[in-house]
Amino acid sequence: ELRSAGQPLAELRTPMGYRATDRETPLRLAWTFVLHEPIGFGPDGTFLTTSLERAVAEGATLSTQVSAVARMLSGARPRPVDVVLSPPLLRQLEAMADGYRVLVGTEVAEVPEGEAGAADAARVLEEIRSITRAAQTEVAALPFAAPSLPAMLQANLRIDLQEQVDRGAADVER
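Anyway, here's the lowdown on the structure attached to this text. Along every chain, residues carry numbers that run from 1 in the direction the sequence is written. Per-residue local features of the predicted model are confined to residues with pLDDT of at least 70, and side-chain atom pairs are confined, for both listing and counting, to 80 or more; whole-chain, interface and lining totals are unaffected and use all residues. Excluding hydrogens and water, the side-chain values take into account all heavy atoms of the structure.

### Overview of the packing of aromatic side chains
Phase 1: Between 30 and 60 degrees the pair is tilted, below 30 it is stacked and above 60 it is edge-to-face, where a pair is any two Phe, Tyr or Trp rings, Trp via its six-membered ring, whose centres lie within 6.5 Å. As enumerated under the stated definition, the model contains three aromatic pairs in all.
Phase 2: Ring plane angle 5° and centroid distance 6.4 Å describe the contact between Trp31 and Phe33, whose orientation is recorded as stacked.
Phase 3: You can call Trp31 partly exposed: its relative accessible area is 37%.
Phase 4: A simple rule labels every residue: compare its accessible area, found with a 1.4 Å probe on the protein chains alone, to the largest value its type can have, and call it buried under 20%, exposed over 50%, or partly exposed in between. Accessibility expressed as a relative area gives 14% for Phe33, which makes it buried.
Phase 5: Where Phe41 meets Phe47, the ring centres are 5.8 Å apart and the plane angle is 70°; that geometry is what we call edge-to-face.

See the structure below:
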């Protein structure tokens, strides 16, 4: 996948790989998954859209991706994976799991702990925790607010970038 400013520009997917000759060294693949969602709540903690709520629903994008990684780590032949976690995603999932408010149209809906999106967020968060505990998982953290690294470097914010990296690692470790 080719991206610019976080937006996909092109992608190439193929279920087959071709080799012109037999090799003595087997083909090795690396599986890397980046789990991230942008910050979607306002200063008072109310979620401004239902996008994360929809993403964690059973069978939805984030839920499916996390389940796929978990399946890769289970079974008779678990595969090693690299998982890159976004602190904003983890914080939002924690907030949702405890019960949350979300703006739906012009109304604010309350979602109690253990129900609807709160239950889905708790399930996805627990699945992420189990993934990170697996022996075959290498975990990395995005910087705290998942900023654009080239933009921070170009703006000469190297000191701030190090703070972002340190806080991101601490958040993911927690």
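Still more ground to cover, so stick around.
### Looking at the packing of helix 3 (residues 87-97) against helix 6 (residues 158-173)
Phase 1: Orientation is described by lines fitted to C-alpha atoms, with helices fitted over the stretch in contact, and by angles between N-to-C directions that extend from 0 to 180 degrees. For the purposes of this entry, the term helix denotes a DSSP run of H or I that reaches at least four residues, the term strand denotes a run of E that reaches at least two, and both are numbered from the N terminus. In contact at an axis separation of 9 Å, helix 3 and helix 6 are set at 40° when each is read in the N-to-C sense. One way to sum up the angle between helix 3 and helix 6 is to call them oblique. Relative to helix 6, helix 3 is oriented so that their crossing is left-handed. Residues Pro87, Leu90 and Arg91 of helix 3 form the contact with helix 6, whose participating residues are Gly168, Asp171 and Val172.
Phase 2: For the contact of helix 3 with helix 6, the class distribution of residues is three nonpolar, one polar and two charged. Roughly parallel here means an angle under 35 degrees, roughly antiparallel means over 145, roughly perpendicular means 65 to 115, and every remaining angle is called oblique. A clockwise turn of the near helix away from the far one marks a right-handed crossing, whereas an anticlockwise turn of less than a right angle marks a left-handed crossing. The contact definition used throughout considers only heavy atoms, calling two residues in contact when any of these lie within 4.5 Å. Nonpolar residues are Ala, Val, Leu, Ile, Met, Phe, Trp, Tyr, Cys and Pro. Charged residues are Asp, Glu, Lys and Arg, and all others, Gly as well, are polar.

### Some points on the pattern of salt bridges
Pairing between side chains becomes possible if they bear opposite charge and their charged atoms approach one another.
Phase 1: One speaks of a salt bridge when a side-chain nitrogen belonging to Lys or Arg is within 4 Å of a carboxyl oxygen belonging to Asp or Glu. Tallied over the full model, the rule gives six salt bridges.
Phase 2: One salt bridge in this structure joins Glu58 and Arg123, with 3.4 Å as the shortest N-O distance. Placement of Glu58 in the loop between helix 1 (51-56) and helix 2 (61-73) and of Arg123 in helix 4 (residues 116-133) is noted, with a sequence separation of 65 residues between them.
Phase 3: In this structure, Arg91 and Asp171 form a salt bridge, with 2.8 Å as the shortest nitrogen-oxygen distance. With a gap of 80 residues between them, Arg91 in helix 3 and Asp171 in helix 6 connect regions that are remote in the sequence.
Phase 4: A residue is classified by how much of its surface remains accessible, and Arg91, at 35% relative accessible area, is partly exposed.
Phase 5: Given a relative accessible area of 10%, Asp171 falls into the buried group.

### As for the sheet that holds strand 3 (residues 32-35)
Phase 1: Between any two strands, at least two bridges found by DSSP are needed for them to pair. Taken together, the three strands give an open sheet; going across it, the order is 3-4-7, and neighbouring strands pair in parallel fashion. Two strands lie at the open edges of the sheet, namely strand 3 and strand 7 (137-141), each paired on one side alone. Mean inter-strand twist for the sheet, computed between neighbouring axes without regard to direction, equals 20°.
Phase 2: Here strand 4 (residues 81-85) pairs with strand 7 via five bridges, running parallel. The residue bridging Val84 from the neighbouring strand is Ala140, located in strand 7.

### A closer look at unusual backbone geometry
A negative phi angle characterises most non-glycine residues, just as the trans form characterises most peptide bonds.
Phase 1: For Ala146, which is not glycine, the phi torsion reads 50° and is therefore positive.
Phase 2: With respect to the element layout, Ala146 can be found in the loop between strand 7 and helix 5 (149-154).
Phase 3: Unlike most non-glycine residues, Asn156 shows phi in positive territory, near 60°.
Phase 4: Relative to the helices and strands, Asn156 resides in the loop between helix 5 and helix 6.
Phase 5: Owing to a relative accessible area of 58%, Asn156 belongs among the exposed residues under this scheme.

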